[in-house]
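Fold and contact review
Below are the chains, spelled out letter by letter.
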Amino acid sequence: MSEKKYWDNKIETLPQSEIKKLQEKRLKEILNFAYTNSAYYKKSFNTADVKPSDFKILSDINRFPFINKQIERKRQLKKPILGDIDAVSEKDVVYVSASSGSTGIPTLSPFTKQDFDEFQNIESRLFYAAGVRKSDRYVHALNFSLHIGGPDVIGAQNLGALCIWAGTIPSEKLLFILKEFQPTVIWTTPAYAWYLGEAAKKHGIDPAKDLAVNKIIVGGEPGGSIRETREAVEKLWNAKFYDFYGLSDLFGAFAGMCEVRNGLHVAEDYVLVEILDPKTNKPVPDGGQGEIVLTTLRKRARPMIRFRTGDIGTINHTPCICGRTHARINITGRIDDMFIVSGVNVFPSDIEAVVRGIPEVTGEYVIHVLKENFATKYKVEIEKVANSDKTDEQVKTKVSDALKIRLGVRPKEVIVLRDGTIPRTTHKAKRFIDERK
Ligand SMILES: [Zn+2]
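Reading the values: rules and limits
Residues numbered from 1 in each chain as written. Predicted model: local features only at pLDDT ≥ 70, side-chain atom pairs only at ≥ 80, totals over all residues. Helix = DSSP H or I, 4+ residues; strand = E, 2+ residues; numbered from the N terminus. Rg over C-alpha atoms; globule rule 2.2 N^0.38 Å. Buried ≥ 20, exposed ≤ 12 C-beta atoms within 10 Å, placed from the backbone. Axes fitted to C-alpha atoms, helices over the stretch in contact; angles between N-to-C directions. Left-handed = near helix turned anticlockwise from the far one by under 90°. Contact = placed C-beta atoms within 7 Å. Nonpolar A, V, L, I, M, F, W, Y, C, P; charged D, E, K, R; others polar. Pairing = 2+ DSSP bridges.

**A few points about the overall build of the protein chain**
In terms of helices and strands, the protein chain carries 12 helices and 19 strands. At 22 Å, the protein chain has a C-alpha radius of gyration in line with the 22 Å of a compact globule built from 437 residues. Summarising its shape, the C-alpha atoms of the protein chain cover approximately 70 × 65 × 40 Å along the three principal directions. For the protein chain, with 437 residues in total, the buried portion stands at 44%.

**Remarks on the packing of helix α8 (residues 190–202) against helix α10 (residues 227–237)**
Where α8 meets α10, the axes come as close as 10 Å, and the angle between the chain directions of the two elements is 35°. When the axes of α8 and α10 are compared, the crossing they make is left-handed. The residues of α10 that touch α8, namely those facing Pro190, Ala193, Trp194 and Gly197, are Thr229, Val233, Leu236 and Trp237. In terms of residue class, the contact of α8 with α10 is made up of six nonpolar, two polar and no charged.

**Re the sheet that holds strand β17 (residues 375–384)**
Here we have four strands laid out as an open sheet, ordered β18-β17-β16-β19, and mixed in their pairing. The open sheet has two edge strands with one neighbour each: β18 (413–418) and β19 (432–434). Strand-to-strand twist of the sheet, defined as the mean angle between neighbouring strand axes without regard to direction, takes the value 20°. Sheet topology note: the strand β16 (residues 361–372)/β19 ladder contains three bridges and is parallel. In the strand pairing of β19, Val369 is matched with Asp434. Of the strands in this sheet, β16, β17 and β19 touch helix α11 (residues 348–356), which is tilted by about 145° from β16.

Geometry only, nothing functional implied.
Next up, the structure:
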């Protein structure tokens, strides 16, 4: 018997018109469910003077209020332990993840048994779309401690891959696993994929030749969607990059690249994606950049209705050549990290793209944003590769010119450092320093 083309043939190839109908049906249910069972949503809908019965067609969603991380955190503190956004009693909760707390106290994300099973089914769908099969050996190198990315491994295991639950072990140990067991797929962050590849070379292992990894799944940072980063890591490993996207506030990954790798297919039967202009809150047409706003269509323990992610991205509803009909998104950066220089919106991801595309530099970088005479300026620290025959001055000019071309605004300064000066981060990279505050 030939192998099936999709994890879930029916749902993944449902025409867009049918997906819309399903989303409407599920939205009606979840709005009702949230209003009836969550003290927070009852109050917030009442304050906004809107009722679940006001929702008739998909565009009616814009009548409902937004929620965000700050609200989530506040409500959690209000009513320990899970807060009053949750819509089921604690006895129905079987799992809670905790966010990294990188922007404040960690937030918990509760799941019922059904929520958790559905979450794992989505993971299997994403792994399958990325080409992971029973014959693969898969290494899950994400943080297992509290983090929602941990249980994603079950999705790979459920589809039959041989799974190694590595977690965030020291790189020497991970390299040992990669060398001894020759896994074919690894999931990590873009920063760590880069770091690990470089670390391998220092240990005399050429990731492109000596290791069997042919797929690198990444998530947790925008790097996976930055073409230059992708290409640099792919070359280092002789492997293909697959970007996945998810948030602990909802569940693990709910969007991922198929083998065509032109955007991340959203599991639209579970999550409604809106791309909104952050200023007007109006929908942005396909292809335009806006804030990613998400609504869970099934999650019962804690429904998320119109969650403002603070992530900037685009959406594309045209059919993909893989045959899947679900819309594709691309994540381009974080609103918080965006800064404006001479009227131009600058995303750190654009700077990364430039730095990763220049062979004379290592690809490591730190961005400083500062205020000078009431104007925002930026500086970039980069490293010259050890064996470069270029002078620091030549490298400086090349980077500065490339930034000017890509962003439209030249940095105040490019600081050229020696190879290895910038600390190699293992997981979420800290590359953005805002000195304006
Ligand atoms: Zn596709």
